[in-house]
Amino acid sequence: MLIEILAIAGGLILGVVCGLIPGLHINLILPFLILASVPFSSLTIILFVASLTIVYTFVSFIPSIFLGCPDEDTALAILPGHELLNKGKGHEAVMLALSGCLAGLFVILILIPLFIFILPSIFYYLKFIMFFVLLIASGYLILREKNKLLSLFIFLLAGFLGIASLNLDLKQSLLPLLSGLFGSSSLITSIIKKQKIPKQSLEFSLEKKELLLPSLASFLVAPLCSLLPSLGAGQAAIIGSDIIEEKSRRKFLILLGSLNTAISGLAFVALYSINKARTGSSAILQQTLDTFSFNQLIIILATIFILGIFSFFLTKRISRFYALNINKFNYQKISLTVLIFLSMVVLIFSGFLGFLVFIISTATGLLTILLNSRRTNLMGSLMLPSILLYLPI
Amino acid sequence: MQKQVLLITCIAISFLGIFFLLILAGANNLSVQGKIISIKDYSGFQIIKLDSNKTVTCDSCNLKLNQTVQVQGKIEYYQSQVQISANKIEIIKNVN
């Protein structure tokens, strides 16, 4: 019993550490855990992986919003999150994402029967639908902007960058790509503009109806992205944003939180129902466990649900700490430190070629900011390769 | 002025960089054809050996022994061994 409690505590601590360190996605450390898992029972491994995954999902919104440094799942949170931070509402931005994360837990619960009883039989056909879903979502992304030509240009530029990066023999190819497009470009902008962060408010209010539409979008999109390969929270958010109210930053943050949690949790259900790993965490379980039973799935989901609620309050506390203290520091120096750290992470995990991708992605991200185009167009870096992958020929 | 310099620098790095990466990616992609002589299946993730002495990996591709396939994919190194991670697989000759 003690070892199981230690596994949960270990997952929780590591989840907080990974979540708070800019650029350090759990997928980067999970492969090392395969070797460390050998002497432990399957229950211990399950508890550790489940607690690590869910705590990370919640906490990772903090560096995205307060430091402008996202990981591959929260890349899009930087956009509305940073805007709210500049208005002194960084804590509110985190709370909106966390509320979405909580809603995501319920989305998982609702979708479990669908995943177990219906989706395995229609899984094969989803691949054909996905091409059209991605195409429509990308078309809508480009057409809703005032300068459609510029939007298309940025979308295609990022798309070609994505195609090139994903076809290189590169470890963790999404790390340099998304860190450059969304993270370092924002950090450099903050440094150039000598950005000062205003005093942050701790006020937060949320009407229940605000949760409804993002949760519905998450309910509709999360299953597709949890089941099909090469699709993650980024693509899901772009598809989902077509459903929620346009230009609503609050709802977009809720949507991102909800999608991240739902996709993380449903990946375990997909592992049980179709025996396919769609996230780093579920891949680790697939590799370390001989079989994955229904009882083990229930243990994972219970851990996710209980620790999800715990993570909500834990992340809320950390967010309060950041909100109260961030304006006491020189934000330029913070941005520069984070930029240097992020560059080192890319260099260590993706090598020299990865660093080259990081520099080119940063230039592309900066170009988008300088041309005043919406940075969601940069999601072409994931959407275009996915469209080509699901091209029905 | 400073903004214009930055803009031109970004355009140059972005365009030339993407062009260079596309060339690198192209060189890292390969197309091979051959008959499947062995398949190892790990829960849908298949490691396939072709009679042309090439190793191909793919996820959810459901291939069978003795099929002749045309595979397009990127070259990866796994434990110092070259293998092709399939992006596109075309079955040229099927088996019953």
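### Quick look at the overall build of chain A
Line of reasoning, step 1. Each helix and strand in chain A was counted, giving 15 helices and zero strands.
Line of reasoning, step 2. Radius of gyration (C-alpha) of chain A: 20 Å, near the 21 Å computed for a compact globule of 393 residues.
Line of reasoning, step 3. With the principal axes as the frame, chain A shows a C-alpha extent of 55 × 55 × 45 Å.
Line of reasoning, step 4. Expressed as a percentage of the 393 residues in chain A, the buried residues total 56%.

### Quick look at the overall build of chain B
Line of reasoning, step 1. What chain B contains, in helices and strands, is one helix and five strands.
Line of reasoning, step 2. Dimensions of chain B along its principal axes, counting C-alpha atoms only, are 70 × 30 × 25 Å.
Line of reasoning, step 3. The buried share among the 96 residues of chain B stands at 15%.
Line of reasoning, step 4. Across chain B, the fraction of contacts at a sequence separation of at least 24, relative to all contacts at a separation of at least 6, is 45%.

### As for the interface of chain A and chain B
Line of reasoning, step 1. Each partner contributes to the interface: chain A provides 21 residues, whereas chain B provides 23 residues.
Line of reasoning, step 2. Where the side of chain A that touches chain B is concerned, the elements lending two or more residues are α7 (148-166) and α14 (331-370) of chain A.
Line of reasoning, step 3. A total of eight residues in the side of chain A that touches chain B trace back to one element, the largest contributor, which is α14 of chain A.
Line of reasoning, step 4. Considering only residue class, the side of chain A that touches chain B consists of 14 nonpolar, five polar and two charged.

### Remarks on helix α10 (residues 233-241) of chain A
Line of reasoning, step 1. Of all nine residues that make up α10 of chain A, nine are buried, and the element is covered over most of its length.
Line of reasoning, step 2. For α10 of chain A, the elements touching its buried residues are α6 (90-143), α9 (208-227), α11 (249-273) and α15 (380-389) of chain A.

### Digging into the nonpolar core
As a rule of thumb, soluble globular proteins bury nonpolar side chains together.
Line of reasoning, step 1. One finds Val55, Ala97, Ala222, Ala236, Leu259, Ile263 and Leu266 of chain A to be the most contacted residues of the largest nonpolar core, which totals 127 residues.
Line of reasoning, step 2. Considering each element in turn, this core owes the most residues, 20 residues, to α6 of chain A.
Line of reasoning, step 3. Among all residues touching leucine 266 of chain A, those that are not within four sequence positions of it are Ile108, Leu111, Phe115, Ala222, Pro223 and Ser226 of chain A.
Line of reasoning, step 4. Of all hydrophobic cores here, the second largest spans eight residues; its members include Ile36, Val69, Val71 and Ala86 of chain B.

### A short note on the packing of helix α3 (residues 42-59) of chain A against α11 of chain A
All names here are of chain A.
Line of reasoning, step 1. In contact at an axis separation of 10 Å, α3 and α11 are set at 170° when each is read in the N-to-C sense. Taken together, the axis directions place α3 and α11 in an arrangement best described as roughly antiparallel. Listed contacts from α11 to Thr53, Ile54 and Thr57 of α3 are Asn260, Thr261 and Ser264.
Line of reasoning, step 2. Split into classes, the residues belonging to the contact of α3 with α11 amount to one nonpolar, five polar and no charged.

### A short note on the sheet that holds strand β5 (residues 81-93) of chain B
Residues and elements named next belong to chain B.
Line of reasoning, step 1. Strand order around the closed barrel formed by five strands is β1-β2-β3-β5-β4, with mixed pairing between neighbours. Averaged over all neighbouring strand pairs, the angle between strand axes comes to 50°, with direction disregarded.
Line of reasoning, step 2. Pairing of strand β1 (residues 29-42) with strand β2 (residues 45-50) involves six bridges; the strand directions are antiparallel. Opposite aspartate 41, over in β2, you have glutamine 46 as the bridge partner.

### Remarks on α6 of chain A
Line of reasoning, step 1. An ideal rise of 1.5 Å per residue puts 80 Å on 54 residues; α6 of chain A reaches only 30 Å between its terminal C-alpha atoms.
Line of reasoning, step 2. The sharpest bend along α6 of chain A comes to roughly 70°, located at leucine 119 of chain A, with the proline proline 120 of chain A sitting one to four residues further on.

### Some remarks on the environment of threonine 68 of chain B
All names here are of chain B.
Line of reasoning, step 1. Here threonine 68 lies in strand β4 (residues 68-78).
Line of reasoning, step 2. For the pair threonine 68 and glutamine 46, spaced 22 residues apart in the sequence, the C-alpha separation amounts to 16 Å.
Line of reasoning, step 3. The contact partners of threonine 68, leaving out residues within four places of it in the chain, are Gly34, Lys35, Ile92 and Lys93.

### Digging into the confidence of the model for chain B
Residues and elements named next belong to chain B.
Line of reasoning, step 1. Averaged over all residues, the pLDDT of chain B equals 85, while 97% of them reach at least 70.
Line of reasoning, step 2. Across chain B, the secondary-structure element scoring lowest on mean pLDDT is β5, at 82, and the one scoring highest is helix α1 (residues 2-27), at 92.
Line of reasoning, step 3. Both confidence scores are given for the complex: pTM 0.82, ipTM 0.78.

### As for the environment of threonine 44 of chain A
Residues and elements named next belong to chain A.
Line of reasoning, step 1. Its location among the elements puts threonine 44 in helix α3.
Line of reasoning, step 2. Threonine 44 gets classed as partly exposed once you count the C-beta atoms within 10 Å, which come to 17.
Line of reasoning, step 3. Residues threonine 44 and glutamate 4, 40 residues apart in the sequence, show an inter-C-alpha distance of 5.4 Å.
Line of reasoning, step 4. Threonine 44 has contacts with Ile3, Glu4 and Ala7, leaving out every residue within four places of it along the chain.

### A few points about the packing of α6 of chain A against α15 of chain A
Residue and element names in this part refer to chain A.
Line of reasoning, step 1. The interhelical angle for the contact between α6 and α15, taken along N-to-C directions, is 145°, at an axis separation of 9 Å. Remark: the crossing between α6 and α15 carries left-handed chirality. Contacts from Phe131, Leu134, Leu135 and Ser138 of α6 reach α15 at Met383, Ser386 and Ile387.
Line of reasoning, step 2. In terms of residue class, the contact of α6 with α15 is built from five nonpolar, two polar and no charged.

### Notes on the pairing of β4 of chain B
Residues and elements named next belong to chain B.
Line of reasoning, step 1. Pairing of β1 with β4, which is carried by seven bridges, proceeds in the antiparallel orientation. Bridge pairing in β4 places valine 32 opposite valine 71.
Line of reasoning, step 2. Sheet topology note: the β4/β5 ladder contains 11 bridges and is antiparallel. By the bridge assignment, valine 69 is partnered in β5 with isoleucine 91.
Line of reasoning, step 3. From the end of β4 to the start of β5, which pair antiparallel, there are two residues, and glutamine 79 there has a positive phi angle of about 50°.

### With respect to the environment of leucine 301 of chain A
Line of reasoning, step 1. Note that leucine 301 of chain A resides in helix α13 (residues 294-325).
Line of reasoning, step 2. Along the chain, leucine 301 of chain A and leucine 271 of chain A lie 30 residues apart, while their C-alpha atoms are 13 Å from each other.

### Side note on unusual backbone geometry
Backbone phi values are negative for most residues with the exception of glycine, while trans is the configuration of most peptide bonds.
Residue and element names in this part refer to chain B.
Line of reasoning, step 1. In this structure, asparagine 53 is a non-glycine residue whose phi angle is positive, near 65°.
Line of reasoning, step 2. Along the chain, asparagine 53 falls in the loop between β2 and β3 (55-59).
Line of reasoning, step 3. For asparagine 53, a count of 9 C-beta atoms within 10 Å translates into the label exposed.
Line of reasoning, step 4. The phi dihedral of asparagine 66 falls on the positive side, at around 70°, and the residue is not glycine.
Line of reasoning, step 5. Along the chain, asparagine 66 turns up in the loop between β3 and β4.

Conventions we followed
Residues numbered from 1 in each chain as written. Chains lettered and ligands numbered in written order. Predicted model: local features only at pLDDT ≥ 70, side-chain atom pairs only at ≥ 80, totals over all residues. Helix = DSSP H or I, 4+ residues; strand = E, 2+ residues; numbered from the N terminus. Rg over C-alpha atoms; globule rule 2.2 N^0.38 Å. Buried ≥ 20, exposed ≤ 12 C-beta atoms within 10 Å, placed from the backbone. Contact = placed C-beta atoms within 7 Å. Nonpolar A, V, L, I, M, F, W, Y, C, P; charged D, E, K, R; others polar. Core = buried A, V, L, I, M, F, W, Y, C linked by C-beta atoms within 7 Å. Axes fitted to C-alpha atoms, helices over the stretch in contact; angles between N-to-C directions. Parallel < 35°, antiparallel > 145°, perpendicular 65-115°, else oblique. Pairing = 2+ DSSP bridges. Expected span 1.5 Å × (residues − 1). Bend = angle between axes of the 7 residues up to and from the residue. pLDDT = per-residue confidence, 0-100. Left-handed = near helix turned anticlockwise from the far one by under 90°.

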